[in-house]
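Notes for the structure review
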Amino acid sequence: DVYAHDSFAWYDARLKSAYGTMELRPCAQQPQKDVMALPALALGLISNLTETCRLASRYSTLQARAARLSAIKNGFGATIGDDGTSMLVLAKEMVKTAEVGLNSIGENKQYLAPLYHRIASQKSPADVAADIFRNGGISRLVESYRLHV
């Protein structure tokens, strides 16, 4: 029963029965300057739902779960599906799909810029943090990621 279990578990996306909406919970560990990138991606994908569903329908739930684990371990070097599609290729398609979606509702695509940069550099925020740590130690890492209010 969805009403009884509405607040039982936290998912990346879930129905919010009290409001008749869907709640998306994007990764909270984004660099401060990129905080709007994932909400913009989600809004763009939802606004281009037909194409988003076409992209998602290529893969089974089991393939998507396996790809998630592969991405955790291998970043942009991960693959998805039986054909071994590069996660980098899929990321490009997803961000482009989101851009089209944002354009269709008159929203600015500027918030997707960090995602395009990540794809071009093939570095996730974790890769960047690891580089900072390797080259400057913990003090440089803390200084790089402290909140600037």
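So, here's what we can say about the structure. (Residues numbered from 1 in each chain as written. Predicted model: local features only at pLDDT ≥ 70, side-chain atom pairs only at ≥ 80, totals over all residues. Heavy atoms only, no water.)

Focus on the overall build of the protein
Helix and strand counts for the protein come out as six helices and four strands. Burial analysis of the protein (149 residues in total) assigns 29% to the buried set. In the protein, the proportion of contacts linking residues at least 24 apart, taken out of those at least 6 apart, comes to 43%. (Helix = DSSP H or I, 4+ residues; strand = E, 2+ residues; numbered from the N terminus. Buried < 20%, exposed > 50% of the residue type's maximum accessible area, 1.4 Å probe, protein only. Contact = heavy atoms within 4.5 Å.)

Some details on the pairing of strand β2 (residues 21–24)
As paired elements, strand β1 (residues 13–16) and β2 share four bridges and run antiparallel to each other. Counterpart to Ala13 in the pairing with β2 is Leu24. Counted along the chain from β1 to the antiparallel partner β2, the turn is four residues long, and its residue Gly20 has a positive phi close to 70 degrees. (Pairing = 2+ DSSP bridges.)

A closer look at the layout of surface pockets
Of the voids in this model, the second largest pocket is the one considered here, and its volume is about 490 Å³. Along the wall of the second largest pocket there are 22 residues; nearest its centre are Pro31, Gln32, Lys33, Asp34 and Tyr145. Of all the secondary-structure elements, those providing two or more residues to the lining of the second largest pocket are α5 (113–121) and α6 (125–145). Tallying contributions element by element places α6 first for the lining of the second largest pocket, with six residues. For the lining of the second largest pocket, the class distribution of residues is nine nonpolar, eight polar and five charged. (1 Å grid on protein atoms, 1.4 Å probe; cavity = no way out; pocket = protein on both sides within 12 Å on 5 of 7 lines; lining within 4 Å. Points joined across faces, edges and corners; volume = space filled by probe spheres on them. Nonpolar A, V, L, I, M, F, W, Y, C, P; charged D, E, K, R; others polar.)

Section: a nonpolar patch on the surface
On the surface, a nonpolar cluster with roughly 390 Å² of combined accessible area is contributed by Leu15, Met22, Leu24 and Ile46. Relative to the assigned elements, Ile46 resides in helix α1 (residues 37–47). Accessibility expressed as a relative area gives 46% for Ile46, which makes it partly exposed. (Patch = residues over 30% accessible without salt bridge, like charges linked within 9 Å, V, L, I, M, F, W, Y side chains within 5 Å. Areas by Shrake-Rupley, 256 points an atom, 1.4 Å probe, with all protein chains shown as cover. Salt bridge = Lys/Arg side-chain N within 4 Å of Asp/Glu carboxyl O.)

As for the packing of helix α2 (residues 49–56) against helix α4 (residues 87–104)
Packing of α2 against α4 leaves a shortest axis separation of 9 Å and a crossing angle of 165 degrees. One finds that α2 runs roughly antiparallel with respect to α4. The hand of the α2/α4 crossing is left-handed. Across the interface between the two elements, Glu51, Thr52, Arg54 and Leu55 from α2 touch Glu93, Met94 and Thr97 from α4. In terms of residue class, the contact of α2 with α4 is made up of two nonpolar, two polar and three charged. (Axes fitted to C-alpha atoms, helices over the stretch in contact; angles between N-to-C directions. Parallel < 35°, antiparallel > 145°, perpendicular 65-115°, else oblique. Left-handed = near helix turned anticlockwise from the far one by under 90°.)

Overview of unusual backbone geometry
The phi dihedral of Gln122 is positive, around 55 degrees, even though this residue is not glycine. The residue Gln122 is located in the loop between α5 and α6 in this model. On the basis of relative accessibility, which here comes to 45%, the residue Gln122 falls in the partly exposed class.

So, the pattern of salt bridges
Throughout the structure, instances matching the rule amount to nine salt bridges. The partner of Glu51 in a salt bridge is Arg54, and the shortest N-O contact between them spans 2.5 Å. Highlighted residues: Glu51 and Arg54, both in helix α2, separated by three residues, approximately one helical turn. Under the relative-accessibility criterion, Glu51 is labelled partly exposed at 24%. Judged by its relative accessible area of 38%, Arg54 is partly exposed. For the salt bridge of Glu99 with Lys109, the shortest nitrogen-to-oxygen distance reads 3.0 Å. Pair noted here: Glu99 is in helix α4 and Lys109 is in the loop between α4 and α5, with a separation of ten residues, a long-range link. Taken together, the shared-partner salt bridges in this structure form one network comprising Lys33, Asp34 and Arg118.

Honestly, it's all geometry; don't read function into it.
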